[in-house]
Amino acid sequence: MPEDDRFDQLEALEKECLQLSARGRSVPEIAERLALSEKEVSVHLEQAKRKLGPGHTLYRQGGEPRLTPREKECLQWAALGKSEWEVSQILGISEHTAEKHLLNAKTKLGASNRVHAVAEAIRCGVFE
């Protein structure tokens, strides 16, 4: 089953808890925001992870992916359609370095390509 289909099948609270967790919110913060107990939040997170399975990008919740500021910056330019060369010119770095930052971001996000990396960064709240 495709990742998006598995995510769409989650209950509303499971989705919300998982998304907030992926954006770096702690269990107590999620509980306060959703007016739930911490135990309820933990149960919703565990149920969501079980339904998604370890192959799903959001399975590895517990905070936004640990991208460096430069990886985020390169990814933001990539999201605007800039090539590695254009990113290198904008940031004053070599094209190879820009390529490496984007590759590292792609790997950390569990993405299969550049467009997927941008989509995962948006989904995980990297650009917020």
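Look above for the structure.
Let me begin by describing the structure that accompanies this report.

Criteria and cut-off values
- All residue numbers refer to position in the chain's written sequence, counted from 1.
- Only residues with pLDDT of at least 70 get local features here, since the model is predicted, and only at 80 or more are side-chain atom pairs given and counted; chain-wide, interface and lining totals rely on the full set of residues.
- No hydrogens and no water enter the side-chain calculation; it runs on all heavy atoms of the structure.
- Secondary structure counts use DSSP, requiring at least four H or I residues in a row for a helix and at least two E residues in a row for a strand, with both numbered from the N terminus.
- Exposure categories follow from relative accessible area, calculated using a 1.4 Å probe and restricted to protein chains: below 20% of the type maximum is buried, above 50% is exposed, and the middle band is partly exposed.
- Any two residues whose heavy atoms approach within 4.5 Å at even a single point are treated as in contact.
- A 1.4 Å probe and the Shrake-Rupley method give the accessible areas. Residues count as covered only by the protein chains that appear here.
- Salt bridge criterion: a side-chain nitrogen from Lys or Arg within 4 Å of a carboxyl oxygen from Asp or Glu.
- To obtain each axis, a line is fitted to C-alpha atoms, and for helices this fit is confined to the stretch in contact; angles are then taken between N-to-C directions over 0 to 180 degrees.
- Geometric relationships in this document are graded by angle, where less than 35 degrees denotes roughly parallel, more than 145 denotes roughly antiparallel, 65 to 115 denotes roughly perpendicular, and other angles denote oblique.
- Crossings are assigned a handedness: left-handed for a near helix turned anticlockwise from the far helix by less than a right angle, right-handed for a clockwise turn.
- Here, nonpolar core means buried Ala, Val, Leu, Ile, Met, Phe, Trp, Tyr and Cys residues that are tied together by side-chain atoms lying within 4.5 Å of each other.

**Regarding the overall build of the protein chain**
On a plain count of helices and strands, the protein chain comes out with eight helices and zero strands. Helices and strands appear in the protein chain in the N-to-C order α-α-α-α-α-α-α-α. Across the 128 residues that make up the protein chain, the buried fraction comes to 37%. Looking at the protein chain alone, contacts between residues at least 24 apart form 59% of all its contacts between residues at least 6 apart. Accessible surface, the protein chain as shown: approximately 7,300 Å² in total, 50% of it carbon and sulfur.

**Section: helix 2 (residues 12–22)**
Every buried residue belonging to helix 2 is among Glu-14, Cys-17, Leu-18, Leu-20, Ser-21 and Ala-22, and all of these are buried. Following helix 2 by one or two positions, Gly-24 has its phi on the positive side, about 95°.

**Section: unusual backbone geometry**
For Ala-35, which is not glycine, the phi torsion reads 55° and is therefore positive. In this fold, Ala-35 is placed in the loop between helix 3 (27–34) and helix 4 (38–52).

**Digging into the pattern of salt bridges**
Applying the stated criterion to the full structure yields six salt bridges. Between Lys-51 and Glu-11 there is a salt bridge; the shortest N-O distance is 3.9 Å. Remark: Glu-11 occurs in the loop between helix 1 (3–8) and helix 2 and Lys-51 occurs in helix 4; sequence separation between them is 40 residues. Look at Lys-51 and you get partly exposed, because its relative accessible area is 37%. Relative accessible area serves as the criterion here: at 45%, Glu-11 is assigned to the partly exposed category. Arg-123 is paired through a salt bridge with Glu-120; the nearest N and O atoms lie 3.3 Å apart. With Arg-123 and Glu-120 both in helix 8 (residues 114–123) and three residues apart, this pair spans about one turn of that helix. The class of Glu-120 is buried, set by a relative accessible area of 1%. One salt-bridge network, held together by shared partners, links Glu-11, Glu-14 and Lys-51.

**What about the packing of helix 2 against helix 3?**
A packed helix pair is summarised by two numbers, namely the angle formed by the two axes and the spacing between the axes. Interhelical geometry of helix 2 versus helix 3 gives an angle of 135° and a closest axis separation of 10 Å. Viewed along their axes, helix 2 and helix 3 adopt a mutual orientation that is oblique. Note that helix 2 runs across helix 3; the crossing there is right-handed. The residues of helix 3 that touch helix 2, namely those facing Leu-13, Glu-16, Cys-17, Leu-20 and Ser-21, are Ile-30, Arg-33 and Leu-34.

**Things to note about the nonpolar core**
In this structure, Leu-67, Cys-74, Leu-75, Leu-109 and Val-126 are the most contacted members of the largest nonpolar core, which totals 17 residues. For this core, the secondary structure elements donating two or more residues are helix 5 (69–79), helix 6 (84–91), helix 7 (95–108) and helix 8. Grouped together as the second largest cluster of nonpolar side chains are 13 residues, Ile-30, Ala-31, Leu-45 and Leu-52 included.

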